[in-house]
Each structure stands twice: as structure tokens, then as C-alpha cells.
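# Coordinate analysis (summary)
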Amino acid sequence: MNFVNHLFSPSGFMPHGYCYLWRPDLISLHVVSDSLIALAYLSIPITLAYFIRKRKDVPFNWMFALFGVFILACGATHLMEVWTLWHATYWLSGYVKLVTALASVPTAILLVGLMPHALALPSPEAMRMEIAERKRAQDALLTAKNELELRVRERTAQLVRTNEDLVAVVAQRERADQELRLSEERFRLLVERVEDYAILMLDPSGHVTSWNVGAERIKGYRADEIIGKHYSCFYTEEDVNLHKPEMALQAASVLGRFADEGWRVRKDGSRFWANAVITAMRDSEDQLIGFSKITHDLTERKRAAEALETTRAEMAHMARVMTMGEIAASIAHEVNQPLTAVVANANACSRLLAGNSPDLDDVREAVADIAEAGTRAGAIISRIRALVKKDMPEKTKLDINDVVQEVLPLTSGELAKHRVSVQTELFPSLPQVLGDRVQLQQVILNLMMNAIEAMTSIMDRPRVLLLRTQVQESDRLSVAVQDSGAGLEPGNTARIFDTFFTTKSNGMGMGLSISRSIIETHGGRLWAEPNDGPGATFQFILPAYPRSTA
């Protein structure tokens, strides 16, 4: 309180107006000037405070606050100049100046330190350039933004289209997978329900991994009894000892597929004739993952084939007997000749031995003639017996030239009866064939008898029958029977091998049909063709037996 009284006490000093001798004009000049300066100083801090409040982003705004305080203090000193014209409170005026000094000195010091930073601020031109550069950058940024937005829209549209395509592909794949699953299920049901075929899967080592109803019906095993076992249990003991199951899998893995026919064994030990196809199963990397095996029971078919073969053999036998009946007179003549020689030589021996001193050399010669004639008759009878004997066909390795030579004596009587001469062109060193001797003799005999009959009406030219054998390429040989008869009628050429078709008044139409059947069962072919001249040629081809395995 004393300090305040001290501040406002004149302390014996005179007002400042005395210094101006209270001249009104001088006092007015100072009062107006100091008052205007004080008002200006008062308004500047207010303006700076408003600026600082509105522009908080302006750098060094604290300096503006210090300048405001400093200017406000300066305005107060000028107000004190007006006040001291009439009041001698110079202590108060001094303290106001002290405050002004305390505000101005730090401001001046801080301003000196702030000067380098202030000088570093860009000039208006630099700021305009920076603003222009920023505007260009903003424009470029806006352009890039627009381009980016356009690309984003385009990319978004592309992604939408791609997504739609992917959705369509996924849907299509799902449909395909569903169809595949349905197809696999249908196939599984189909395989499982097939009863006429045994369908099973094997692992790479040959163990059973799947089993269908047909397999259970044909082989007799239930699925739980056979799955996991080796498939060699279906083979006969002989085939297992020959390692046929392993060789079949090996062949299938190398060739991709292996087919075989043979006897197989059921669970109860009974045998059945089966056709089996083994197919190798491989993954996308061509790695073997197992085998599929399809077995078909052909027992009934084999029995039917055997019955057919038996019937065919019986028909062939009947045809041979009929042929032998047709040439019985000729055969009797052939047999009678050596028998007559036997009787004559035997009588001669009796006469020679009845003499007092028989000529033993003549006796030996007669006995030799008897033996030769008996051998000849025995050979003829043996061939006749073979032809009429009812045996199942038995294929062996044969020389076809020998077969032809064996037939010639059986037809010599018919040849002589019908005045037909025989010529032979037999190719030397023919490869052998695998066949039934009797059946091939029957074919040649039938063709020769047909050729002889075809020439019985010929009177204006020689009746010649040519037998020819030759090699066809390297793995086949042919036998041809050529006559000089009336030839083939064009309308009958395609029908002469049909069963029961005949041009003979007393024929049955079975000989050529049976002959063709015999040749075909030997793996060959029989046909007829007209000659360039008179007559026709009947020819058949047979496969040669491999020399390497002969």
C-alpha cells in the first residue's frame, strides 16, 4: 500500500507543464502527439493479437506477441508523458519505462537471434514461384489422381470381368466335377453290376484291389475273400509254374495291353476257359499305378467250338468215306494188282519147290516179288484206312509234296478209267506246314476227283491234270490242281464253295465247302479261277511252319 502511495505521490516534484511554462500551444502539441502515439501503440498489439489468433500457421508468431507487449509498453510511456504534464508522478512514469525496457530488451535480443531464420524465409518472388510450382505439382497430382482413378476404374472393371469369368469357370468346373462324379458313380455302378464279365483292379504287384458282381459269379470268390490276394490264384498250377501271371503283367506294363485265352481256376477248383484282357493304368506322369483286368467266361463258346470242330470232322469223315465209295472200284483195282502178283509169285514158288532140284535163286526172286507186292498193297490199304478212319484232327509238321505223292496212288484207277494223264510240278525243298495229314490228303483228293470229272466230257483235246506246288513269298506255300476241262461257268464261280451247292447230277454239294473249311482252319485260303486256256485251277495257300522253330 505504501508502494502504491509512493508511485502516485508527487514527492515534491513539479508537473512537467512547468517546464513548458504552461504555454497552451506547446502543451497542446505534446498532448496531441503523445495521445495519438499512445492510441496507435494501443491499436497495434490488438491487431497483432488478432493476426496471431487467425494465422496460427505463421512462423515466429511468438515474436509478434513480444512486439505487441513491447509496443503496448511504449504506448503506456506516451500516456505517462501526457499524465505528467499536470501530475508529478514521475516514479510511476519511471516504472512504466522500466517495464517498457524489460519488454524491449528481450525482444531486441530475440530479434537478433531470429534474424538468420527470418532471412532464410523465401522472398515474395520465391514464394510466388513456389506457389506456382506447388500449383503445377497439384495440377500434376490431380492429373495423376484422375489417371489413377481412371486406371483404378478400368482395373476394377477388368477385375470384375475377370471375376465374372472366374466365377463362370468355377461354376463350369463345378458342373464338370459334378458330371465327372456322376459319371464315375454311374461307371462304378455299371462295373459293379456287370454279371457276364469279371472286372477287377490290380495294384502294380498284381494284388486285387476291387471286385465286381461278375467276378464273384464267374470266379466264385466274394470281395472280402479275394481283395488283397495275388491274382495268380486264378491260374492253373501249370501256368503258375511257367510264371504266366508275372509275364502277363510284364507284357501289359510294356505294351499297355495284354490279351490271352486259356484255362482258369475257380474258387472250388473247377476250370473254365476264359478270355482275359489286362490293361496298364498310368497317372499323368506316366507312372504305373496298377492294372485293370476283364475276364470273360468262354467255356460254353469253347464247348460249342469243340462241338463244331467235332461236327466238321465228322462231316469231313463222311465226305472222305463217300469219296472212297466213289473210287472203290479203282481202289479195288489198285489193291488187286499187288494181290494178283502175290498169288502168281506164290504159285510159282510152289511149282519151283515141288521139283526135284528147285532153283533157289528163282524162289528168292519170287519171294522178293511177293514181299514187294505185299508192301505195296499194305501201303494202299493203310492210306485207305487212314482216310476212312474216324479220328479227331491232329496237326503235325508235314511236307506238302509227300502229301501229294501219297494221294496219287489212290486216284490212279480213276485217272486210267477216264484216260487222264497226270503231270506234277513239285517245288523242291518246300518249307514244312503245320497240319493234319489226313485232312490235307482229303482236300487234294477232292480237288483231283473234281478235276477228273470236269474232263470226262472232253473229246477234242488231251485230258491233262497238273499238280503244282510252289513257294509264295517267304512265309507261305501254295498247292494248285489245274485241269483242261470245260471250265467254270461265270455265274457259279462265287457259289461253288457254298454248302449244298453242286453242278453234279448226283452230288451233295459238300466236298468243296468242307475243303475250304479245312484249309481255313489251317490258316489258309482256297479259291478257284479260270485258266487262260481251257479248264480251271483250284488253288489253296497255307502258312509255312517257321524254320527257326522247326
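Note that the structure is a prediction, hence the values are computed from the model and not measured. (Residues numbered from 1 in each chain as written. Predicted model: local features only at pLDDT ≥ 70, side-chain atom pairs only at ≥ 80, totals over all residues. Heavy atoms only, no water.)

## Observations concerning the overall build of the protein chain
How we decide: Secondary structure counts use DSSP, requiring at least four H or I residues in a row for a helix and at least two E residues in a row for a strand, with both numbered from the N terminus. Throughout this description, buried means an accessible area under 20% of the type-specific maximum (1.4 Å probe, protein chains only), exposed means over 50%, and partly exposed covers the range between. Every accessible area reported is derived by Shrake-Rupley at a probe size of 1.4 Å, with residue values counting cover from the shown protein chains alone.
Check the secondary structure of the protein chain and you find 15 helices and twelve strands. Counting the 550 residues in the protein chain, one finds 33% classified as buried. Only carbon and sulfur atoms are counted for the fraction: they give 59% of the accessible area of the protein chain, which is about 33,500 Å².

## Some thoughts on a nonpolar patch on the surface
Short version of the rule: Patch building starts from residues that exceed 30% relative accessible area and form no salt bridge, then joins like charges within 9 Å and nonpolar side chains (Val, Leu, Ile, Met, Phe, Trp, Tyr) within 5 Å. Put simply, a salt bridge is a Lys or Arg side-chain nitrogen that is within 4 Å of an Asp or Glu carboxyl oxygen.
A cluster of nonpolar side chains, Phe13, Trp91, Tyr95, Leu98 and Leu102, forms an exposed patch at the surface whose accessible area comes to about 510 Å². Relative to the helices and strands, tyrosine 95 resides in helix α4 (residues 90-120). Judged by its relative accessible area of 34%, tyrosine 95 is partly exposed.

## Points about the pattern of salt bridges
A complete count under the given rule lists 13 salt bridges for this structure. Notably, a salt bridge pairs aspartate 25 with arginine 23, separated by 3.1 Å at the nearest N-O pair. On the accessibility criterion, arginine 23 (45% relative accessible area) is partly exposed. Where lysine 244 meets aspartate 239, a salt bridge forms, and the shortest distance between an N and an O atom there is 3.3 Å. Lysine 244 sits in the partly exposed class, given a relative accessible area of 34%. Where salt bridges share partners, they join Arg222, Asp224, Glu225 and Lys267 into one cluster.

## Concerning the sheet that holds strand β12 (residues 536-543)
Applied cut-off: Pairing between two strands requires that DSSP report at least two bridges joining them. Orientation is described by axes fitted as lines to C-alpha atoms, over the contacting stretch for helices, and by angles from 0 to 180 degrees between their N-to-C directions.
Taken together, five strands build an open sheet; the order of strands is β7-β9-β10-β12-β11 and the sheet is mixed. The open sheet has two edge strands, β7 (421-426) and β11 (525-530), and neither has a second partner. Within this sheet the neighbouring strands show an average axis-to-axis angle of 15°, counted without direction. Across seven bridges, strand β10 (residues 476-482) lies against β12 in antiparallel orientation.

## A few points about the packing of helix α14 (residues 437-454) against helix α15 (residues 511-521)
Where we set the bar: In this scheme, a crossing is called left-handed if the near helix is turned counterclockwise away from the far one by less than a right angle; it is called right-handed if the turn is clockwise. Working rule for contacts: check all heavy atoms of both residues, and any pair within 4.5 Å makes them a contact. Here the term charged refers only to Asp, Glu, Lys and Arg, the term nonpolar to Ala, Val, Leu, Ile, Met, Phe, Trp, Tyr, Cys and Pro, and the term polar to all other amino acids, Gly among them.
Where α14 contacts α15, the axes come no closer than 10 Å and their chain directions differ by 145°. Note on packing geometry: the crossing formed by α14 with α15 is left-handed. Residues Gln439, Leu440, Gln442, Val443, Asn446, Leu447 and Asn450 of α14 touch α15, and the partners they reach there are Gly511, Leu512, Ile514, Ser515, Ile518 and Ile519. Classifying every residue of the contact of α14 with α15 by side-chain character gives seven nonpolar, six polar and no charged.

## A word on the packing of aromatic side chains
Our working rule: To pair, rings of Phe, Tyr and Trp, with the six-membered ring standing in for Trp, must have centres within 6.5 Å; the planes then decide the type, stacked if under 30 degrees apart, edge-to-face if over 60, and tilted in the middle. Charge-over-ring placement is defined geometrically: NZ (Lys) or CZ (Arg) within 6 Å of the ring centre, and within 35 degrees of the ring normal.
Summed over all chains, the structure comprises five aromatic pairs. Ring centres 6.5 Å apart and planes at 85° place the aromatic pair tryptophan 211 and tyrosine 221 in the edge-to-face group. Placement of the pair is tryptophan 211 in strand β2 (residues 208-211) and tyrosine 221 in the loop between α6 (213-219) and α7 (223-226), with a sequence separation of ten residues. The exposure class of tryptophan 211 is buried, given its relative accessible area of 10%. When its relative accessible area of 11% is taken as the criterion, tyrosine 221 is described as buried. One aromatic cluster is present, formed by Trp211, Tyr221 and Phe234 through successive ring pairs. The ring of phenylalanine 234 is capped by lysine 219, whose NZ or CZ atom sits 4.2 Å from the centre of that ring.

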